[in-house]
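Residues per chain are reported as follows:
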Amino acid sequence: MPSNHFEQLIDQLKPVVNEPEFDAIFRDLTEAEDGPTRFQLKMELRRLASPCLQTVDLRNRVAGDCQPYEFLGRKHYFDEVAKDLFERGLKIYQGVFTQDTYEQIMAAENNNRVMQEKERELALKRDSQHAERVATRAELAQDDQVRSPYLVDTFHFGQYPYRAEERMNFTVEVRLADSNDREVKALTSDISITGLRVRVDKARLGEVGEPVSVYFTGLAKEFTLDADLAVPYHIIAVDQQGDRRYLSLSRDENFSSEQFDQFLAQFINGYKKRYRINIDNTYQALMNKGHEQFLMPRLSSLPVYFSLQNKQLHADYILSTDNNRHIIEDWINEQNNIVIGSMFNLRRSRYLLKQLVDNSSASVTLLTFSITARGKIHYYSAMAEELIKSGYWQTFVNFAARKASFRVYQFRLKEVQTEQAWQPQSVPLDIPIPFRQQPPSPRVKDALQSIQYLGVLTDITDSMQCFAGDNYDKSKVRALKTFLHAPAIPVRTKEVKLEFTDLRQEQRFSYRSRCRLRLGKTRRDGMIMDLSVNGLKIQLDDPLSATIDDTVLVSLTGFEKQHKKFKLNDLPYQVVNVDMSGTTLSLRTADSRDSHEGRAFFKYLIEKHRQQLQLVHENSSLHGLELCLRNLYCQSPPTVPLFFYQNKKRQITLRRAGLSSWLTVWHQLLNSLPGSSAESLNIQPVLRGDNLHTELIPALQDLSRADKPERKLLLIKLYREQSESVLQTEWQAVDALDSETINAFIDQCLPDAVFLAVQLELSRTGRPDTQFVQAEMSYLSRYSAHRANELEEELWQVYGIADTLNVTEDLLKFADLDEEHRKRQRQRIEQWLVH
């Protein structure tokens, strides 16, 4: 019977079907049923209770071991599950092997057919939900086929292993003696003036920190070297490889022998071309730097460097690239000063620094907007925590979201050590190489001295804006003045620009100057926000009903007095974009072949007054500071960038991922997946099915190198089902986000699953920055030309980057999830990572 109600009736009546009082019990239990239903019930009961004449042989049909079982002259083959069902059936039906018992045995969970059917149904169900079982470590074999889309090699940001001396790969016999005069023969694998790496076959010798004496018996046989000279070393590392043990030794600093040093220096210099210098550290440094230099020009997040003054964070420097310019442009005021530091007032500074007391990093969600009125820009900002606590969340979000200046930022903060700002090249200082970088000057060191914290500001507006609505309490809008920035500039932040090949078709400059715009008979005053030879971005004091392709007349009132030789009134421009509030317009000149007074003026301004623009928008700080700030950021970026390669056959694959010492939940999750290790990440569960070829690669192919990154939002549900780890994904393009879909996905996760949201920024790469690594590349080529060629070929194959950032906490706040639910989600993630 299909209904659960009828199944329950059958289960109740089965034990008494052969009893004399069956009819009376049947009438009592089916009193509410109609005649046809009672007839069907009775017929089904009789069918189930009828004797079964089948012989059951479960061999090769169930997972368990089957044994013979004789009953009434028939030999069945049951496993333990079937035997238990059979004997229970005999008790229920008074010693009769019935059709009901037979059907239960054949439908048991351990039946291979049943299991396969259930697995198929489960797989179809998961596939419909975009979910997939997380492969176990054993299933991810280390072969090229499996590695190709799933196991991605890693490199580590900020790791440029430096050696003060050249090491030569050289094998020669030595004798080691420990402090207890126990001796053992060993073979060197590489040798430098003050260091050795030796292989010993006996594990009884060799613990980190242990002092040893080394006798160079092998060299003494061929050269005039004292075989009884005991050179003191201590063990700095032990590497066990099967039965063999490799000891890394560093010579005792108190040992001094000019004759011995001179011998080793001449020996290594004379034989290094024959036996090869160990350049593993240089190769690793080149691999790391090469991939970092692909990421940095495409960096959309804004690194902010803070000092601490009177217990308040002061934004001293920002590190700019073409891709994070949009963040800086939002924080240039009418006096062309960068005022981004005004977000970090004393109250917010204390909040962030308090988080750092118990955590390695702090994180907040910041919401901002600005209003231009009477020639001045008025900035508003709030932490999500401030708005939720004060009850102004909905008012601030829904009011601000109507303005083109509305922004949502994720801000992360951590302490930094300024000693890490200078990273010498991986080639020993005594080796002459071209383009050797010099240590920072005293002035640069002085500029760095006060920096204590690195902040990373990331624009996540596109991933959050869909949650904004139209309803807000208009009586509360006036109270938003609480979040208005003070007119005085607390900190004059300096911009330090990383110099790369410009990704834009033409340079744009963020510059504030008043203007007037006319459309038909309507006039509006406004302010130029940025300019180029062929374009303008203008923010109006009042809305204008303009549409794309309208022609507007612009008067450059702010430039008229200084540049009277140009006609700067009523310059025609075409509207190419208008924000929803009608106050921010992007304009361009018409056909470039026609003369245009505005184009001529801005070309003159950029060529002849470039210094004026540079003072505000290009490097106005100390030479060499940009490299130091770059190094501080590359020590620990808070994202996990994924690198795509294109081979000679134009096939695009995901090949590498960048790992950082700034451990985030997203990084830890990828690290915890089966198959992930220090050398590789298992991306299979995240890119389940064919998502690599449907969601990421086509989007990359549609981009050009000059395009801004394309953003996607990845929603993840991680749960356990039938003792298996299952990962479900949902991809969303940020220009078509739907808050109802996101909320429905979050609701699925609330009972007992882990929820994660990851923002991806896809961008195409250009040619490798060979100038930055030229010195180390030439050194590598000197001793291992084939490895240098392999590495250079690999760098030229880098095609695109997907920079991934965890935005879970930010999204849950916008999804209006209360603190208790957010806390439970954090606990579930922590528990998942622990197990």
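Here the structure is shown first, and the text comes after it.
Parameters at a glance
- Residues numbered from 1 in each chain as written.
- Predicted model: local features only at pLDDT ≥ 70, side-chain atom pairs only at ≥ 80, totals over all residues.
- Heavy atoms only, no water.
- Pairing = 2+ DSSP bridges.
- Helix = DSSP H or I, 4+ residues; strand = E, 2+ residues; numbered from the N terminus.
- Axes fitted to C-alpha atoms, helices over the stretch in contact; angles between N-to-C directions.
- Contact = heavy atoms within 4.5 Å.
- Left-handed = near helix turned anticlockwise from the far one by under 90°.
- Nonpolar A, V, L, I, M, F, W, Y, C, P; charged D, E, K, R; others polar.
- Core = buried A, V, L, I, M, F, W, Y, C linked by side-chain atoms within 4.5 Å.
- Buried < 20%, exposed > 50% of the residue type's maximum accessible area, 1.4 Å probe, protein only.

Chemist: Tell me about the sheet that holds strand 12 (residues 302-309), and name the residues and values.
Modeler: Each strand in a sheet pairs with its neighbour through backbone hydrogen bonds, running either in the same direction (parallel) or in the opposite one (antiparallel). With mixed pairing, the seven strands of this open sheet are ordered in space as 15-14-16-17-12-13-18. The open sheet has two edge strands with one neighbour each: strand 15 (376-383) and strand 18 (494-497). Going across the sheet, the axis of each strand differs from the next one's by a mean of 30 degrees, ignoring polarity. Bridging between strand 13 (residues 312-320) and strand 18 involves four bridges; their strand directions are parallel. From the neighbouring strand, leucine 319 faces strand 18, where its bridge partner is valine 496. The strands touched by helix 12 (residues 346-358) are strand 12, strand 13, strand 14 (362-373), strand 15, strand 16 (407-415) and strand 17 (453-459); relative to strand 14, the strand with the most contacts, the crossing angle is about 165 degrees. Lying on the sheet, helix 14 (residues 393-400) is in contact with strand 14 and strand 15; it crosses strand 14 at an angle near 50 degrees.

Chemist: So what's going on with the packing of helix 20 (residues 665-672) against helix 26 (residues 819-834)? Which residues, and what values?
Modeler: Contact geometry of helix 20 with helix 26 gives a least axis separation of 10 Å together with a crossing angle of 30 degrees. Handedness of the crossing formed by helix 20 with helix 26: left-handed. Across from Val665, Gln668, Leu669 and Ser672 in helix 20, the residues of helix 26 making contact are Ile829, Trp832 and Leu833. A per-class count over the contact of helix 20 with helix 26 returns five nonpolar, two polar and no charged.

Chemist: Please set out the nonpolar core residue by residue, giving values where relevant.
Modeler: Judged by nonpolar contacts, the single largest core of 53 residues is most densely connected at Leu176, Phe216 and Leu249. With 41 residues, the next largest nonpolar core counts Phe369, Phe406, Val807 and Phe814 among its residues.

Chemist: Any chance you could break down the pairing of strand 24 (residues 584-588) for me, citing the residues and the numbers?
Modeler: Pairing between strand 21 (residues 535-540) and strand 24: five bridges, direction antiparallel. Across the sheet, glutamine 539 pairs through a bridge with threonine 584, a residue of strand 24. In this sheet, strand 24 lies alongside strand 23 (residues 571-578) in antiparallel orientation, the contact comprising four bridges. In the strand pairing of strand 24, asparagine 577 is matched with serine 586.

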